[in-house]
Amino acid sequence: MRSLKTELIFILLGVLISIVYIFYPTPFMMTLFVFVAHPLFIFAMISFLLEVKKDLKDKEVL
Amino acid sequence: MSRKEAKNLQRREFIKLSTGAIAVTGMALSGWGVTELIVDEGPVESWHKSVCRYCGTGCGVKLGLTKGKVVRVKGDTAAHNKGVICIKGSTLADLTQLEGRLTVPKIRTEGRLVETTWEAAMDLIASKFKENIELYGPDSVAFYGSGQLYIEESYTANKLFKAGIGTNNVDGNPRLCMASAAVGYTQTFGKDEPPGAYADIDHADCFFLMGANMYECHPPLWERMMIRKKSHPQTKIIVVDPRKTKTAEHSDIFLPVYPGTDLLLLNAMAYVIVKEGWYNKTFVKEHINFHNGQREVDFATYIRFLEDYAPEKVARKLGIPPRQIEEVAHWFATSQATMSMWTMGVNQRTQGVFLNNTLNSLHLITGQICRPGATPLSLTGQSNACGGVRDTGSLSHILPHGRMVANAHHRQEMEQLWGVPAGSISPKPGYDAVNLFKAMGEEKVKAALVMCTNPAQSMPNLAEAKKAMEKCFLVVADVFEDTETTKLADVVLPAALYLEKEGVYGQSERRYQLIEKLMDPPGQARSDFDILVDFAKRLGYGNLIQYSTPAECWEEYRNLSAASKYNFKGITRERLQKERGIQWPCPDENHPGTVRRYIQGDPFVQEGREIQFYGKPDHRAVVFLRPYIPTQQQLSEEFPYYLTTGRVVEQWHTGTMTDKIPALSEGSGRGVFVLHPSDAKKLQVAEEDLLEVSSQYGSMKGKVKISENETPGVIFAAFFDNKFLINLIVADNYDPVSKEPEYKVTAVSAKKYTEFSTEI
Amino acid sequence: MFTETVQLVQVLGVVLVVADLILLLAIALKGGKVNTVVKRLAFPALIVLPILIAFLGNYHVFETSKKVKACMQCHVMKPFANDMLNDTSTTLAARHYQHNWIPKDQCYGCHKDYGLNGTLKAKLDGYRHLMRYITRTYVEPIQYRGEFQNANCLSCHQQTKAFESVEMHRPLSSQFADNSISCMNCHGRAHPSRQFRTPGHPHYKDLMSGPASSQHSEGNTEELKKFVESLPNN
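Residues numbered from 1 in each chain as written. Chains lettered and ligands numbered in written order. Predicted model: local features only at pLDDT ≥ 70, side-chain atom pairs only at ≥ 80, totals over all residues.

**Overview of the overall build of chain B**
Rules: Elements are defined by DSSP. Helices are runs of H or I of four residues or more, strands are runs of E of two residues or more, and each kind is numbered from the N terminus. Think of it as a crowd count around each C-beta: if 20 or more other C-beta atoms lie within 10 Å the residue is buried, if 12 or fewer it is exposed, and in between it is partly exposed, with C-beta placed from the backbone throughout. Residue pairs qualify as contacts under a 7 Å threshold applied to their C-beta atoms, which are placed from the backbone.
Each helix and strand in chain B was counted, giving 26 helices and 29 strands. A burial count over chain B gives 59% of its 760 residues as buried. Across chain B, the fraction of contacts at a sequence separation of at least 24, relative to all contacts at a separation of at least 6, is 71%.

Right under this line is the structure:
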C-alpha cells in the first residue's frame, strides 16, 4: 500500500467540518457539511478502498 | 525507497490530491445540480391570474395551465380573498373541461333543435326582432340577461335595447337576487352599492348575519370571519335565520325567527337601541334624516313609530324571547365595530326593500358605519350582478351608474353620453323579471333574447313562466345544451364559457376584476359579446355599437362613468391586467381605488369633511320608518307549513355547471325536502320516503331528508336539481318596489306520497 | 441524562472526532510510511469513524433543522417566522402558533416532508434551498417551487372530529390524496403574501425586523399603490 496522505487530509477536513457544524449549525456550515464534507468522505473512502484492493492484489490475496 | 520511487510517490500523491479536489468540487456542484433538477414542480406549465366563475364573492384565483388546459386551481394570495377560495372554485378545472357543450347554433324545426350556421341563425333572429318591432313596437321585444355576463356584454345589450331599439325591456336574473339590496341602498344613501368592503371583516367585533348562509354560500368570506373570530375570540357572531344552517351552528347567538317576520326583529332592535340610549346622538344629529316614506319626519316621530315594536310586543310573532332581542340590540349598538351581512333571506322577500332600509338604518342610528369594521354589506349571489347589471343599469327601471329610467334628466344625460337623439330612451320602465315572463304569456312580449341564465328553472311559479316562454320567440345563448331553458328555445346559440372570452367582473364590494381569455371556445361557440355586437349590426345599430372588442367597449364605458358618482375612469384595462381588481370610485389612473365610501379616501367626499353622504342632496342618509306588513303567504289550515328555498355549498344556482362536476354533485346529493324530525313524525314520513308538497301554485313530489337543523314548521329545498324543480310550487309575489320575488316564504301543505294515494 | 438530543449529539461528536483525530495523527506520525500498524489504524480512522461522524452529522441536520430558530438563521426565512410569532397576525401559520396547535418545532410541524420521514425529493429540495441561500442565487420574495403536500396537513387533521364533521371534505378525498386540490384553497394563506415579502413593500421591513411590529393592516394606500406600480407585469 502506498501513501494515504490525500485520504488523511480529506478525512481530516471532513471531520473538522462535521464537528464545527455540530456545534455551530449555521446555514454556511450546514452547506459545507452537506455539499463538501460528504464528497470528501466519499472520495477518501473510495480511494482508500482502492488502495487496499490494489495492495491485496499485489500480495496476491485477491 | 529510492529517490526515484519517492519522487514517483510524490507525483502520484499530487495527482491523487488534485483528482480528489476536482472530484469533491464536482460532487458538490453536481449534488447541487441534482437538487435543482429533481424538484417536483407539479404539473403546471404556466400560472395565470383570474377570478372564480361562480358567486359574488369574486375570489381571485390562480389557474395553472398545461397544454392549454386548466390543471390546477388555487386561491390568489395577492387578491382580496388572500388566497382563500371554496370547494366550487377548487373544481374550476373540471368546469373548463365539461362534456355536453353546445358547439353549433340550432334552430327549432318541427319541434326539434336542428343544427344550422351562425349566418342563418343570426339572420332569423334579426328578422324576427325587426318584424316584431315594426308590427308591435319596440316594447314587444326584450332582453333577459344575467349577473354572470361580463360587464361589456351587459352594457352592450343594455345600450342596444334602451338607446337603439328604444325599449326598457332589459332585465335579468339579478332581479331575482339583488334588486331589493340595490333599491335599499339607493333609498338610504342615494347611491346603490355598499359603503363598506370585505376588508371590514378583519376589523369588526360583532357580525350581524341575517338571511345569509355564508358557511355554504360565501365560504371564503365565512373563513375570513372565522379568522377574525379565532384571532379575536371576543368577536360576536349573531345569526338570524329560520333554519339552523351551518352558519347558525357556528354562531354565538342564533335567532330562529319565523319565516317572513324579521322586520319585526329589526324594528324591535331599533326600539331597544333608542330606548336604552345606545344610539349615536352626534351621528343622528349630523348625518341623518328621518323619513316615513311620504315625507321627512323628526326623531320624536321615529321614536313613536318604534313603540309598536317593543320586544315584548313582537317576541311571540318572531318566536324568540324578548330578552334575546335586547341582547342582540346591545351587541349591535355597543360593540367596537358592527358589520351586517345579508343575502337572499332578506332580499327575496315582499318586504325586501324595507328590510334593506332598516338594516342600513340600524347602522346609521348607532353610528356603526363609515369606520373600519362598521358597515352594512349586502352579499351578492352572482359573480357579476353588481358590476355587470346594477352598475351598467341593465334592469328595466334603471340606466347606467345609478340613473333612473323614470327620471327625464337622467334619460337626457344618457342620451347625450351615448350620442343618440333626445327621446331615444323610452320614459316607460320596462318589464321586471316576473312581469316580463307574464308579458310573454300574454303575448305582449313576442321575442326575447336570453343570455347566460336559466329562467326555466329559476323563475318562481315556474309552470306559468315556462308556458309563457313557449309562446314567445325565444333565443337562448348558453354554454350547455341541456338546460331547462334551451329546451324551450326557438333558437339556441352556442356561447363561450368564461376563460374562453375576455371581460370584466364586478363583485360585491365594488371591485372590478379582469378575466383574461386563456383558451378558445369549442366548435363554433362565440362569446356573448360577439353575438351582441353582431346582433346590433344586423338590426342596423352598427353606429351605436361601434366597438368590436371588449377592450374598446371598456374604454367607452370607463370614460362614460366619469359623468357619475361611480366614476371609475381610472380603472384602465392596463391596470386591470396588472392589479388584483380595483374598487370604484377611482376617478384617475393614480387613484388607488376606494375601500370605504362616504369618508375621507372617497374622492367625492369634500376636504375637511369626515363623513359625507353625497348621494343625497343635503348629504344626509335617510332612516326610513318601515312598518312590518305580514306576507301574503300566511299559514292556514290548508297550507300549514312554510317552504323556503336556498343553496347548498357544493352547488351553484340552477346547477347547470356545478351539477356536472362529479365531486360536487356527489357531495350535494339530489334535491330533497328537508324537514325537522317533529314534522317528519307528524307527517309520518321517514328518510327517503316520498313527500308531496303543494302550494297554491302547484304540487310536487320529492324524497324526504330529516334534519335537526330545520325549524319545526319549515320545509327547506335547494333549487339546483333540474329533476326536482322546486320553483314549480314557489310563490311569485314580489316586493312592490324592487319587484324581487319572495322565494323564501311560500305557504304549503305536505303529505306522505304513496303510489296508491289518490285525491278524494 | 441529556435533556436535549442536540447535547447528546455534541458529546458523541466530540468523542468520535477526538478518537478519529488521534488515529489520523498516529497515521500521520508514521510519515506516510504504510506499515502494519498504519494498516490496522487506517480502517477505523478512514472508514468506520468517518461514517459514524457523517451519520451523526446527518442526524444533526434533521434534528436541529426542526427548530424554528434554525429556520430563522437564513434571513429569507425571517418574514415567515416573524409573522408566525406575531400574535396579531391572522395567517394560518400564526394561528397555529397562537393557539399552540403545534407545541414545538412549529415550522417543521407543517413542513414535515423535509424531515427524516419525508420523501427523498423533499430532503434534496431542502439541500437546494441551502445552496441557493449560501450562493445568494435566490430572489426575494422567495417562492415555493412545486406543490405543498396535503399530507403535511392531513397527518394531524385527518380523523379529527373537526375535519370529519365538514361534509364537503368527503367527496374530495381523492383530490386531497393526489394533491390536485390543496387544503390551502379553502383554509387560506399560510404565510404573508409574496407582495408583503417583496423588498420595498411597506411591510417588508417589519417582517424582517421582528414579530412585534409586523401588522397586516391595509396600511397606507399611497405607499401600496406606488409599490404595486413598481411590480413587473404578471
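**Quick look at the overall build of chain A**
Rules: Radius of gyration: over C-alpha atoms. The globule rule applied is 2.2 Å multiplied by the number of residues raised to the 0.38 power.
Broken down by element type, chain A carries 2 helices and 0 strands. A globule of 62 residues ought to have a C-alpha radius of gyration of about 11 Å, yet chain A, at 15 Å, is considerably larger. Judged by the C-alpha coordinates and their principal axes, chain A covers about 50 × 15 × 15 Å. Looking at chain A as a whole, 48% of its 62 residues qualify as buried. Considering only residue pairs separated by 6 or more positions, chain A has 56% of its internal contacts joining residues 24 or more positions apart.

**What about the nonpolar core?**
All names here are of chain B. Quick note on the threshold: Buried Ala, Val, Leu, Ile, Met, Phe, Trp, Tyr and Cys residues whose C-beta atoms connect them within 7 Å together make up a nonpolar core.
Within the largest apolar cluster, 236 residues are counted, with the highest numbers of intra-cluster contacts made by Leu209, Met269, Ala448 and Ile715. With 11 residues, the single largest contributor to this core is helix H10 (residues 262-275). Among residues more than four places away in sequence, those in contact with Ile715 are Tyr641, Leu643, Phe673, Val674, Leu675, Val693, Val748 and Ala750.

**Examining the UniProt feature "transmembrane region" (unreviewed entry) in chain A**
Residue and element names in this part refer to chain A. Filter applied, for reference: UniProt positions are given in the numbering used here, feature names are shortened, and annotations may be inferred rather than shown by experiment.
Cross-referencing UniProt, the feature "transmembrane region" (unreviewed entry) maps to residues 7-24 and 30-50 in the present numbering. Between the first and last C-alpha atoms of residues 7-24 the distance is 25 Å; the span itself is 94% helix and 0% strand. Taken end to end, residues 30-50 comprises 100% helix and 0% strand; its first and last C-alpha atoms sit 29 Å apart.

**Regarding the sheet that holds strand S3 (residues 69-75) of chain B**
All names here are of chain B. Quick reminder of the rule: Criterion used throughout: strands pair if DSSP finds at least two bridges between them. Axis lines are fitted through C-alpha atoms, for helices just across the contact stretch, and the angle between N-to-C directions can take any value from 0 to 180 degrees.
Strand order in the open sheet made by the 3 strands is S1-S2-S3, with antiparallel pairing throughout. With one partner strand each, in any of the chains shown, strand S1 (46-51) and S3 form the two edges of the open sheet. Going from strand to strand, the sheet's axes swing by 30 degrees on average, the running direction of each strand aside. In this sheet, strand S2 (residues 60-66) lies alongside S1 in antiparallel orientation, the contact comprising 6 bridges. The residue of S2 that forms the bridge with Trp47 is Gly64.

**Here we look at the domain arrangement of chain B**
How we decide: For each domain, the first and last residues come from an automatic or database assignment.
Once the domains are mapped, chain B shows domain 1 (3-95), domain 2 (106-174 + 387-500 + 523-546), domain 3 (179-378) and domain 4 (641-752). Summarising the inter-unit geometry, the C-alpha centres of domain 1 of chain B and domain 2 of chain B are found 49 Å apart.

**Re the packing of helix H5 (residues 151-165) of chain B against helix H23 (residues 550-561) of chain B**
Residue and element names in this part refer to chain B. Selection criterion: Oblique is the label for any angle not covered by the other classes, which are roughly parallel (under 35 degrees), roughly antiparallel (over 145) and roughly perpendicular (65 to 115). Each crossing gets its hand from how the near helix is turned against the far one by less than a right angle, where anticlockwise is left-handed and clockwise is right-handed. Nonpolar residues are Ala, Val, Leu, Ile, Met, Phe, Trp, Tyr, Cys and Pro. Charged residues are Asp, Glu, Lys and Arg, and all others, Gly as well, are polar.
Between H5 and H23, the shortest axis-to-axis distance is 10 Å and the interhelical angle comes to 70 degrees. Our classification of the angle between H5 and H23 gives roughly perpendicular. Classified by chirality, the crossing of H23 by H5 is left-handed. Residue-level inspection shows Ile151, Glu152, Tyr155 and Thr156 of H5 in contact with H23, the latter providing Pro550, Cys553, Trp554 and Tyr557. Residues belonging to the contact of H5 with H23 are distributed by class as follows: 6 nonpolar, 1 polar and 1 charged.

**So, unusual backbone geometry**
Cis peptide bonds are those with omega within 30 degrees of zero, and the linkage from Trp584(B) to Pro585(B) qualifies with 0 degrees. Within the secondary structure layout, Pro585(B) lies in the loop between strand S22 (582-583) and strand S23 (621-624). In this structure, the amide linkage connecting Glu140(C) to the following residue, Pro141(C), adopts the cis form with an omega of 0 degrees. Looking at the secondary structure, you find Pro141(C) in the loop between helix H7 (120-134) and helix H8 (150-157). With a phi close to 50 degrees, Lys82(B) is a non-glycine residue in the positive phi region. Relative to the helices and strands, Lys82(B) is located in the loop between S3 and helix H2 (87-90). The class of Lys82(B) is buried, set by 24 C-beta atoms lying within 10 Å. Although it is not a glycine, Gln684(B) adopts a positive phi angle of roughly 55 degrees. Along the chain, the position of Gln684(B) falls in the loop between helix H26 (677-682) and strand S26 (690-695).

**Considerations on the packing of helix H1 (residues 5-23) of chain A against helix H1 (residues 3-38) of chain B**
Here H1(A) crosses H1(B) at 35 degrees, and the two axes come no closer than 9 Å. Where H1(A) approaches H1(B), its residues Lys5(A), Thr6(A) and Phe10(A) are matched on the opposing element by Glu13(B), Lys16(B), Leu17(B) and Gly20(B). Of the residues in the contact of H1(A) with H1(B), the class split is 2 nonpolar, 2 polar and 3 charged.

**Examining the UniProt feature "domain: 4Fe-4S Mo/W bis-MGD-type" (unreviewed entry) in chain B**
In this structure's numbering, the residues bearing the UniProt feature "domain: 4Fe-4S Mo/W bis-MGD-type" (unreviewed entry) are residues 45-100 of chain B. Across residues 45-100 of chain B one finds 14% helix and 36% strand; the C-alpha atoms that close the span lie 27 Å apart.

**Re the pairing of strand S4 (residues 106-109) of chain B**
Residue and element names in this part refer to chain B. Where S4 lies against strand S5 (residues 112-115), 4 bridges are found, and the strand directions are antiparallel. When the bridges of S5 are listed, Thr109 appears paired with Arg112. Counting the residues in the hairpin turn of S4 and S5 gives 2 residues, including Glu110, whose phi is positive at 50 degrees. One ladder, built from 2 bridges, connects S4 with strand S19 (residues 491-494); its direction is antiparallel. Within the sheet, the bridge partner assigned to Ile107 lies in S19 and is Val491.

**Points about the environment of Ala551(B)**
Here Ala551(B) shows up in helix H23. With 399 residues separating them in the primary sequence, Ala551(B) and Glu152(B) have C-alpha atoms 8.4 Å apart.

**With respect to the environment of Ser146(B)**
All names here are of chain B. Tracing the sequence through the fold places Ser146 in the loop between strand S6 (141-145) and H5. Through-space distance from the C-alpha of Ser146 to that of Asn384 is 8.1 Å; in sequence the pair is 238 residues apart. With sequence-adjacent residues up to four places away left out, Ser146 is seen in contact with Gly172, Asn173, Met451, Cys452 and Thr453.

**Brief notes about helix H13 (residues 311-318) of chain B**
Residues and elements named next belong to chain B. The following threshold applies: Directions drawn from the helix axis to the C-beta atoms are what define this arc.
By the burial criterion, the buried members of H13 are Pro311, Val314 and Leu318. Mapping the buried residues of H13 onto a view down its axis gives an arc of 85 degrees, with all of them on the same face. Opposite the packed face of H13, turned more than 90 degrees from it, sit the exposed residues Glu312 and Arg316. Those residues of H13 hidden inside the fold are in contact with H10 and helix H14 (322-334).

**Describing the interface of chain C and chain B**
Facing the 36 residues of chain C at the interface are 36 residues of chain B. At the level of secondary structure, the elements contributing two or more residues to the side of chain C that touches chain B comprise helix H5 (92-98), H7, helix H11 (184-187) and helix H13 (221-230) of chain C. For the side of chain C that touches chain B, the leading source of residues is H7(C), giving 6 residues. Partitioned by chemical class, the residues of the side of chain C that touches chain B number 11 nonpolar, 13 polar and 12 charged.

**Description of the confidence of the model for chain B**
Note the following rule: Values of pLDDT, the confidence the predictor places in each residue, fall between 0 and 100.
Looking at chain B as a whole, the pLDDT averages 93, with 99% of positions reaching at least 70. Here the predicted complex scores 0.88 on pTM and 0.90 on ipTM.

**Quick word on the sheet that holds strand S18 (residues 473-478) of chain B**
The strands that make up a sheet are held in pairs by hydrogen bonds between backbone atoms, and each pair lies either parallel or antiparallel. Residues and elements named next belong to chain B. Pairing in this open sheet of 7 strands is mixed, and the strands run S5-S4-S19-S18-S17-S6-S7 from one edge to the other. Of all the strands in the sheet, just S5 and strand S7 (170-172) have a single pairing partner and so form its edges. Between one strand and the next, the sheet's axes are offset by a mean angle of 20 degrees, whatever the strand orientation. Judged from the 3 bridges that link them, S6 and S7 form a sheet pairing that is parallel. Each bridged residue has a counterpart across the sheet, and for Phe143 the counterpart in S7 is Val170.

**With respect to the interface of chain B and chain A**
Between chain B and chain A, the contact holds 12 residues from the first and 12 residues from the second. Grouping the constituent residues of the side of chain B that touches chain A by class yields 7 nonpolar, 2 polar and 3 charged.

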